[in-house]
Amino acid sequence: MKRFLPAVVAVLVLVALAVVLRDGDRPPERHVPLGAAVSTRWLDSDARYRRVIARNFDSVTPENELKMAYTQPRRGRYDFGPADRVVDEARLRGKEVRGHTLVWHGQIPRWVTRGGLGKRALARVMREHIATVVRRYRGKVHEWDVVNEALEDFGGWRPSVWYRTLGPGYVEQAFQAAHAADPSARLYYNDNLGRDRAAKWLAIRRLVVYLKRQGVPIHGVGIQNHVTTASYPGREEMETNLRLLEKLGVDVQITEMDVTTSQGPSEDALGLQARAYRDAAEACAAVRACKRFTVWGVADQFSWRGGHERPLLFDSHYRRKPAYAPLREALGGSG
Ligand code: G3I
């Protein structure tokens, strides 16, 4: 028996070596955090809402509370009450916060849209707004949607008050202001895929190339993905396009996913919905630059798309729907 000992030891060493080498070749395990948009409307009034967020999501995005209409309803008069509520609750529960959004055509106060502000005045308003909001949450909010939906469905510039008054340079100015206010924050451009997805993917890439060439501090692109079971980007389309963005040197995220169910086949609508979520999650997990996956709401009854559409991961009784488990699995488990 003793005679064979060296041979047995040698074999064991070789096997161990093979295992180590094989593991070394494997990409390290990925876990993409799962986030949800949350709202103060229910944070305060519904303990189950708070519990479901605490147990099932890794990060939160205030659904409305950081938008300009909320944070600066009157010129120079800031109100951080609702945003603070979301940020404090998130931090209490150990969740990251996505800052959404600094510059958008929607939910801006009337004094901006109707104020007749000229180019210099509006540029100053924008810069001061960004500086004030980003500085307030420095160290608490580490990533921002600096500009949201600057492009239209078919790829042209959206004629928002920002674009009409400041020209396309407003995007660059907004990123510079955010960077100056918090140099360590990750700064995102966020947009939807519109009615012509191919045109929109291309337009978003062009914008990123342009901004990068100008030396603008942009670190990521958020893709919203508000879709239906009848039409959504499949895994291949999503993965290919996320990779193309990654190649431009930016991170990517799915920032606002929901999937309505009334337009597709009614049979197994929730199964189809699960597939749409899983496709996007698999694409994200396959792309190293994809840093987070956020769904736009918590439970169906509160969705901006209408409860009857059942677009989210939890039903109106806060039960996990068929989409939740495969989505988590695709993102690398946990939760
Ligand atoms: O603030 C009033 C409140 O005082 C009033 O009691 C209530 C009555 O309905 O309305 C409240 O305002 C609503 C607000 O959400 C807060 O609930 C607005 O009417 C409503 O239009 C607004 O909708 C939001 C929408 O953006 C505005 O365009 C949705 O909640 C929010 O989910 C949605 O989010 C956007 C993202 O920011 C950007 N991407 C698209 C996405 C969906 O539209």
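For the structure given in this document, a descriptive report is provided here. (Residues numbered from 1 in each chain as written. Predicted model: local features only at pLDDT ≥ 70, side-chain atom pairs only at ≥ 80, totals over all residues. Heavy atoms only, no water.)

**As for unusual backbone geometry**
Move 1: Cis rather than trans, the peptide bond between His-100 and Thr-101 has omega equal to -5°.
Move 2: Looking at where Thr-101 falls in the secondary structure, it is placed in strand 3 (residues 96–103).
Move 3: Phi is positive for Gln-107, close to 45°, though the residue is something other than glycine.
Move 4: Tracing the chain through its elements places Gln-107 in the loop between strand 3 and helix 6 (110–113).
Move 5: The class for Gln-107 is partly exposed, based on a relative accessible area of 30%.
Move 6: Of note, the phi angle at Tyr-318 is positive, near 65°, even though the residue is not glycine.
Move 7: As for its position among the elements, Tyr-318 is in the loop between strand 9 (290–295) and helix 13 (324–330). (Helix = DSSP H or I, 4+ residues; strand = E, 2+ residues; numbered from the N terminus. Buried < 20%, exposed > 50% of the residue type's maximum accessible area, 1.4 Å probe, protein only.)

**Remarks on the pairing of strand 5 (residues 186–191)**
Move 1: When you tally the buried positions in strand 5, you get five out of six residues, the bulk of the element.
Move 2: Sheet topology note: the strand 4 (residues 143–148)/strand 5 ladder contains five bridges and is parallel. Counterpart to Val-147 in the pairing with strand 5 is Tyr-189.
Move 3: As judged from the four bridges shared by strand 5 and strand 6 (residues 220–223), these two strands associate in the parallel manner. (Pairing = 2+ DSSP bridges.)

**As for the packing of aromatic side chains**
Move 1: For the structure on display, the rule yields nine aromatic pairs.
Move 2: Geometrically, the ring pair formed by Tyr-49 and Phe-302 is edge-to-face, given 5.7 Å between the ring centres and 80° between the ring planes. With a gap of 253 residues between them, Tyr-49 in helix 3 (residues 47–56) and Phe-302 in the loop between strand 9 and helix 13 connect regions that are remote in the sequence.
Move 3: Through a chain of ring-to-ring contacts, three or more aromatic side chains come together here, namely Tyr-78, Phe-80, Tyr-137 and Trp-144.
Move 4: Sitting above the plane of the Tyr-188 ring, Arg-98 keeps its charged end 5.2 Å from the centroid. (Phe/Tyr/Trp six-rings, centres within 6.5 Å; stacked < 30°, edge-to-face > 60°. Lys NZ or Arg CZ within 6 Å of the ring centre and 35° of its normal.)

Keep in mind these numbers describe shape, not what the thing actually does.
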